[in-house]
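Each chain, letter by letter, is given below.
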Amino acid sequence: MARLVAKDRLDRLFEVGILLKGLDGILELIGGILLLAVSPASLNRTVTALTQHELSEDPHDLVANELQRLAHGLTVSATAFASVYLLAHGVVKIVLVGALLRNKLWAYPWTIAFLVAFIAYQVYRILLSPTLGLVLLTLLDAAIAWLTWREYRRRHTSHRSRRDVLR
């Protein structure tokens, strides 16, 4: 009985993780579209306006200073690259999440491969300059990759068993 309850919890965790990845994909699409539509100069002005009050109260505010540093460094080519990256990444996530939610067997290995590739890149970034956010994101991606593998094994075994019965 305890094993069944744990299985249900892992199934729910898998579903929640996949839904979060789908939401992340939608947000990446929106971000990519916004980056295409807004010039670096406009982004710089917006960030300056949004952080001006905070920096007047605390000139050493870490988040506001980092946002301004990033905004000042934006170029047209960097914005275009980020936009294409976000759009492509968002579309892939949405397609894979949609296929997983429809129980398409092919989507499981593709999702795992996609997550492993980004985990490898994130580990590389962590080695260069570690941040708590990136470490947590990498751990979350690793957990979702494991849950996807677990779900794939379960579905693949079930699919094979059904196929064998039909023979």
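Residues numbered from 1 in each chain as written. Predicted model: local features only at pLDDT ≥ 70, side-chain atom pairs only at ≥ 80, totals over all residues. Heavy atoms only, no water.

Per the stated rule, a full pass over the model turns up nine salt bridges. For arginine 150, the salt bridge goes to glutamate 151, with nearest N and O atoms at 3.9 Å. Residue classification places glutamate 151 among the buried positions, given a relative accessible area of 2%. Within this structure, Asp11, Arg150, Glu151, Arg154 and Arg155 form a network of salt bridges that share partners. (Salt bridge = Lys/Arg side-chain N within 4 Å of Asp/Glu carboxyl O. Buried < 20%, exposed > 50% of the residue type's maximum accessible area, 1.4 Å probe, protein only.)

What follows covers the environment of arginine 153. With respect to the helices and strands, the residue arginine 153 is situated in helix H6 (residues 132-166). For the pair arginine 153 and tyrosine 108, spaced 45 residues apart in sequence, the C-alpha separation works out to 9.3 Å. (Helix = DSSP H or I, 4+ residues; strand = E, 2+ residues; numbered from the N terminus.)

A word on the packing of helix H2 (residues 40-57) against helix H3 (residues 62-72). Taken N-terminus to C-terminus, the directions of H2 and H3 make an angle of 160°; their axes are 9 Å apart at the nearest point. When the interaxial angle is binned, H2 and H3 end up roughly antiparallel. Here the hand of the crossing between H2 and H3 comes out left-handed. For the pair H2 and H3, contact is made by Asn44, Val47, Thr48, Thr51, Glu54 and Leu55 and by Ala64, Asn65, Leu67, Gln68, Ala71 and His72, respectively. When the residues that make up the contact of H2 with H3 are grouped by side-chain class, the tally is five nonpolar, six polar and one charged. (Axes fitted to C-alpha atoms, helices over the stretch in contact; angles between N-to-C directions. Parallel < 35°, antiparallel > 145°, perpendicular 65-115°, else oblique. Left-handed = near helix turned anticlockwise from the far one by under 90°. Contact = heavy atoms within 4.5 Å. Nonpolar A, V, L, I, M, F, W, Y, C, P; charged D, E, K, R; others polar.)

These values are about where atoms sit, not about what they do.
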